[in-house]
Structure formats: C-alpha cells, structure tokens
Amino acid sequence: MKAVKGFVSLFPMFVLMGALLGVVVGCGGGASLSSNPNSGPGTSQPAPAAPPPVVTASEGIAVNPSSHMVYVVTYASSKSETGSVSVINGTTNLVTASIDVGDYPDAIAVNPVTNAVYVANFNDSSVSVIDGNTNTVTATIALPGDGYPNALAVNSKNNTVFVLNSDGDRMFIVNGTNNVVTQTIVLGFAPNSIAVNKT
C-alpha cells in the first residue's frame, strides 16, 4: 500500500533574486480548473463530466551555488504519483529541463563538488541520482526495508549522503562515489529533517 502524505496543493513557485542574494521559495495553494466554454448564461448544453483534476505540488528545493542551477521537486497527485525535478537556470530564472524520478519524491539535495543531485522517493524507498551536467538519472539507490525516505543531506567534503527514513526511524549513510548504502543508524521516532556540518 502506498503512503499518502496529507494534503496536496499547487501555487506558482516564486524565484526572488536580490542584488546580492538569490532566494527560491516553493509555495502551496489551490489548483484551478478551466471552465466549460459551452455552459453559462444563454446556453443549454450540459457541462461534460470533468476528469479528476491532477494536482501538482512542489516538495523540495535545492541550489547548486557552483553552477547557479536550482532544482525543484514536484509530483502529480495521480494514480502513479510519479514525480519530476524541474531544473531552473538561476541566472535567467528559466526552466531548462524536467527530469522524471521516482514515486512521490519528497526531498532533494545537491553536491556542488560532484554536481550530483539526490532525490528521496518517498513511496519507492529509493534515492534517484541525477548528473547535473547532463540532467539525466544515472542511478537509483534502493534503500533497505520498506520505509519512506523523507529527508536527505550531502557532505560534499567526503562525498557522503545521509538519508532519513521516517517510517523505520533510521538513517542510511550512502557512499556518493559508488552509490552504496554503507551504514544504517537507528534514530528516534519519525525523524524528518537533517543537516550536515561539512567542516
């Protein structure tokens, strides 16, 4: 059974670039549906049955300060809930690519040294690895067990990825060179955020 995480919403993503500091904000809100042009005052045609709306939401944002590229995780509230990563040029604020990843992507992190992008796929119990040079998925890391990865962080100094598992109360340590899980650490109940001191 797939996990469903609460409430799904969509508002535009805002990219705010200051003179000295770039800030990217992902926002949630409501989805809008188009109206039926054949219905309304003066018309008698019944409105056709509308299909269930597919709502898209942004779940995470990461920035590579070396390449000035911004990565935004989104997923569709459809049967598959397969998600994607939108790539934005931080200089022009234009979307340059869209990369398909796993089922219900929930978090994202970037290694600015290797230009690798890591996406935690909540329902797949996996991590998609994206090459930031080619904008392609180069590997999918299968995490042990049936847990739901919901946060990750990268230590670019030693090329190590830390992935939290909210359901199994664990943290997986991944070698960023060969994409192999090298260690599992048991944590407290439902961990949901992580940060790394690279020094």
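This text goes with the structure placed above it.
Residues numbered from 1 in each chain as written. Predicted model: local features only at pLDDT ≥ 70, side-chain atom pairs only at ≥ 80, totals over all residues. Heavy atoms only, no water.

> In this structure, what is going on with the sheet that holds strand 9 (residues 126-131)? I would like to understand it.
Note on sheets: strands pair through backbone hydrogen bonds, and any given pair is parallel or antiparallel. As summarised here, the arrangement of the four strands in space is 7-8-9-10, forming an open sheet in which the pairing is antiparallel. This sheet does not close on itself; its edge strands, each paired only once, are strand 7 (105-111) and strand 10 (136-142). Between one strand axis and the next, the sheet turns through 20 degrees on average, direction left out of account. (Pairing = 2+ DSSP bridges. Helix = DSSP H or I, 4+ residues; strand = E, 2+ residues; numbered from the N terminus. Axes fitted to C-alpha atoms, helices over the stretch in contact; angles between N-to-C directions.)

> Please clarify how the packing of aromatic side chains should be interpreted in this entry.
Both the distance between ring centres and the angle between the ring planes are used here to describe each pair of aromatic rings. Counted according to the given criterion, the structure contains two aromatic pairs. Ring centres of Tyr-104 and Phe-122 lie 5.7 Å apart, and the angle between their planes is 55 degrees; this geometry places the pair in the tilted category. Within this pair, whereas Tyr-104 is found in the loop between strand 6 (94-103) and strand 7, its partner Phe-122 is found in the loop between strand 8 (116-121) and strand 9, the two being separated by 18 residues in sequence. Exposure remark for Phe-122: the relative accessible area of 6% places this residue in the buried category. When the ring of Phe-122 is compared with that of Tyr-148, the centres are 4.8 Å apart and the planes differ by 20 degrees; the resulting orientation is stacked. (Phe/Tyr/Trp six-rings, centres within 6.5 Å; stacked < 30°, edge-to-face > 60°. Buried < 20%, exposed > 50% of the residue type's maximum accessible area, 1.4 Å probe, protein only.)

> Mind showing me how you'd approach the sheet that holds strand 11 (residues 149-155) here?
What the four strands build is an open sheet, ordered 11-12-13-14; its pairing is antiparallel. Looking at strand neighbours, the two that pair on one side only are strand 11 and strand 14 (180-186), the edges of this open sheet. Averaged over all adjacent pairs, the angle separating strand axes in this sheet is 20 degrees, with direction ignored.

> Before we go on, may I ask you to explain the side chain of Asn-64 in this structure?
Inspection of the secondary structure assignment puts Asn-64 in strand 3 (residues 56-64). Beyond its immediate chain neighbours, meaning those up to four positions away, Asn-64 contacts Met-69, Tyr-71, Val-110, Asn-111, Pro-112 and Asn-115. (Contact = heavy atoms within 4.5 Å.)

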